[in-house]
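Structural overview for review
Below, each chain spelled out in residue letters.
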Amino acid sequence: MNEWDINTEAGWSAKLRELLEEADRVGESLEERRALSQRFVQFIVHSHPHTETIKSLDRIADAARRNVLLGSIDERVAAIGERTLALVLLTERLEETTVEAQAAAASIRGEEARSALESLTLSVSQVKALAESLRGGEDRERLTRLQAALERLIVVQQEVEAISDPD
Amino acid sequence: MGCTALPEVGPFVDATHELNLALELGGEVSVAELVSIQAESQATQFDQAWQARLRAGEALVNYAESLRAIVASGDQGAQSAGQLSDSLTQLALATGVVFTGAPGALLVVDQAAQFVQEQVALVRAAESLATALNAAQPALARIAQVLELDLRQAGEIFELASLNVEQSLLTNEETQVRLGYRLALIEERQALYAEDLAAGERMERALVGSQNRLLELQALLEASAQWYDPLQGQLAAARQRRRNGASLFFAARTSTRRWAEAHANLVRAVEDGPTYSLAGLLQAAVEVRERAGRIRER
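Residues numbered from 1 in each chain as written. Chains lettered and ligands numbered in written order. Predicted model: local features only at pLDDT ≥ 70, side-chain atom pairs only at ≥ 80, totals over all residues. Heavy atoms only, no water.

The next subject is the overall build of chain B. Broken down by element type, chain B carries six helices and zero strands. Every one of the 298 residues in chain B was classed for burial, and the buried ones make up 47%. Contacts in chain B between residues at least 24 apart in sequence constitute 88% of all its contacts with a sequence separation of at least 6. Accessible surface for chain B amounts to roughly 14500 Å². Of this, 55% is attributable to carbon and sulfur atoms. (Helix = DSSP H or I, 4+ residues; strand = E, 2+ residues; numbered from the N terminus. Buried < 20%, exposed > 50% of the residue type's maximum accessible area, 1.4 Å probe, protein only. Contact = heavy atoms within 4.5 Å. Areas by Shrake-Rupley, 256 points an atom, 1.4 Å probe, with all protein chains shown as cover.)

The next point concerns the layout of surface pockets. Approximately 540 Å³ is the volume attributed to the largest pocket. Together, 28 residues line the largest pocket, and V45 and H46 of chain A together with L179, L183 and E187 of chain B are the ones closest to its centre. Residue composition of the lining of the largest pocket, by class: twelve nonpolar, eleven polar and five charged. (1 Å grid on protein atoms, 1.4 Å probe; cavity = no way out; pocket = protein on both sides within 12 Å on 5 of 7 lines; lining within 4 Å. Points joined across faces, edges and corners; volume = space filled by probe spheres on them. Nonpolar A, V, L, I, M, F, W, Y, C, P; charged D, E, K, R; others polar.)

Another point: the pattern of salt bridges. Going through the model one piece at a time under the given rule, you end up with 26 salt bridges over all chains. Residue R83 of chain A is joined to D150 of chain B by a salt bridge in which the shortest nitrogen-to-oxygen separation is 2.7 Å. Residue R83 of chain A is found in the loop between α3 (52-82) and α4 (84-134), and its partner D150 of chain B is found in helix α3 (residues 103-171); the two belong to separate chains. A relative accessible area of 15% means that R83 of chain A is categorised as buried. Take D150 of chain B: its relative accessible area is 0%, and that puts it in the buried class. Between R213 of chain B and E188 of chain B there is a salt bridge, and its shortest N-O distance comes to 2.5 Å. Here R213 of chain B, found in helix α5 (residues 204-272), pairs with E188 of chain B, found in helix α4 (residues 173-199); they are 25 residues apart in sequence, far enough to count as distant. (Salt bridge = Lys/Arg side-chain N within 4 Å of Asp/Glu carboxyl O.)

Looking now at the nonpolar core. Counting 64 residues, the largest nonpolar core has I73 of chain A together with F46 of chain B as the members making the most contacts within it. Residue assignment for this core shows that the elements contributing at least two residues are α3 and α4 of chain A together with α1 (10-36), α2 (40-94), α3 and α5 of chain B. The element that contributes the greatest number of residues to this core is α3 of chain B, accounting for 21 residues. Excluding residues within four positions of it along the chain, I73 of chain A makes contact with L34, I37, Q42, I157, L160 and A161 of chain B. Counting 14 residues, the second-largest nonpolar core is a separate cluster that includes W4, L16, A61 and A64 of chain A. (Core = buried A, V, L, I, M, F, W, Y, C linked by side-chain atoms within 4.5 Å.)

The next point concerns helix α2 (residues 30-46) of chain A. Working note: α-helix, 3.6 residues per turn, so residues spaced by three or four point in the same direction. When the terminal C-alpha atoms of α2 of chain A are compared, their 24 Å separation across 17 residues agrees well with the 24 Å that a helix rising 1.5 Å per residue should span. The set of residues buried in α2 of chain A consists of L30, R33, L36, S37, R39, F40, V41, F43 and I44 of chain A. (Expected span 1.5 Å × (residues − 1).)

What follows deals with the environment of T254 of chain B. All names here are of chain B. Tracing the backbone through its elements, the reader meets T254 in helix α5. As for T254 and S36, which are separated by 218 residues in sequence, their C-alpha atoms are 27 Å apart. From its side chain, T254 meets the backbone oxygen of F250 in a polar contact 2.8 Å long. (Polar contact = N/O pair within 3.5 Å; in protein donor to acceptor, adjacent residues only side chain to side chain.)

Any functional reading would require information that these geometric values do not contain.
Spelled out as C-alpha cells, the structure:
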C-alpha cells in the first residue's frame, strides 16, 4: 500500500492536511521545496474520484504547491536584493580603479608622444641649423639633400601625430 | 629588443566580456520565466536588483579593457619608438651628406634612445598594470563571490519558475479530469488482464466478454493519445527548458569562478614574474652608456 492508496474524501482531506503541515515545516533548500511541490502534484494526480469535494481539495493543493514555489522565488529575489548595496559599493570601488588605470594608460601614451615630439624637435633644429650654415653657399647638392631631409621630417611629423592621437 | 615583458591580459579581457554576457543572459531568461508564470511582481523586483549586476558587469568590462589599454600603451610605446627610429634612420640615409660627420653616431644614439624609450614605456605600463591589478583584486574577488551567489540564486529562481510551468501542465483541472479518465481505463485493462490470467481456459465464455472490453479499452486509450501525446510533448519541452537553464547558470557560475581565478593569476604573475621596475631601466642605462662609449671611441 502506498501513501496515495486512499479511497475516501475524508482520507484525501486528511492527506492534504498532512501535506500542508509539511509545508509549514519545510526547510529553505531548493531540494526540499522541489520535493514538497512534487508531493502536492502527486496528491492532485492521485486524488479521486473527481467529486466537487476532491476538486476543491485539488485546488487547495495546487495553490499550496504554487505558494511553495513562489515563496522560494521570493526568498531568492529578496536575497539578491539584499546584496545589491554591497555590490554597488564594490562596483564603485572598481570603477575608481578603472579610472586610475585609464589615466595611467593615457599618461603612458602621452609620455610616448611627448618623447617622440622632443626627438622630432631636435631633428628639426638640426636641419634648420644646417640650412643656416649653407645659406649663401654653392653646394647645390647639399641643399637638395636638405630639401629631402625636410620632406622626411614632414613624414616623421605625421607619424608622430598619428602616434599622439591614434583615434 | 626590450627586456621587460607584460603579462598577456587578452584572455582575461575576453573572459570578462563572456562573464558580462552571462550576466545579461541570466537576468533575461530569469525575468522571462517569472513573467511566464504570471509572477510579475517578482519579475519586477528581480529585474530592478539585476540592474546592479549588469552595471557591475559593465564595470568589469571597463576595468578589463583598462588593463588592456595599459598593456597596449606599453606596446605602443615600443612601437612608436620603433616607428620614430625607422623614420629618423631614413632621414639620416636621405641626408647622408648632411650628417657625414657622424652618421653612425646618429644611428647609435637613435637606437639607444629607442631602447630607453621602449623600456620606460614598458616599465611604466608594468607598474601601472601591477598597481591596477593589486588595487582591484580585493573588490574584484568579492564581486566575483557576490555574482557567483547571485547566479546560483538566479538559476534557482529560473528552475523554480520553470518547475511551476511544468507542474501546472499536470495540475490544471481539465488535465486532471482527462488523466483520471485515462488512468481509470488503464486500471480496468490491468484488472481484465489479471482476471484472464487467473481464469485461464476454464472460463472461455467470460474471456470472450473480457476480450471485447479489452478491445474497447484499447480503442479508448488510443483515442486519448490526441491530447495525451501533445501533453507529453509539452512536459518534455518544459523539462528540456529546465535542463537548458540549469546548464546556462552552471556555465555562468563556472565562468565567474574561472574569471576570478584568472585575475588572481594575473596578480600573481605580476608579483612573481620578472622585476619590472628597475631591471629594464638599468639594462637600458648600461646599454646607453656602452653605446655612448662606442660613439666616443670613433
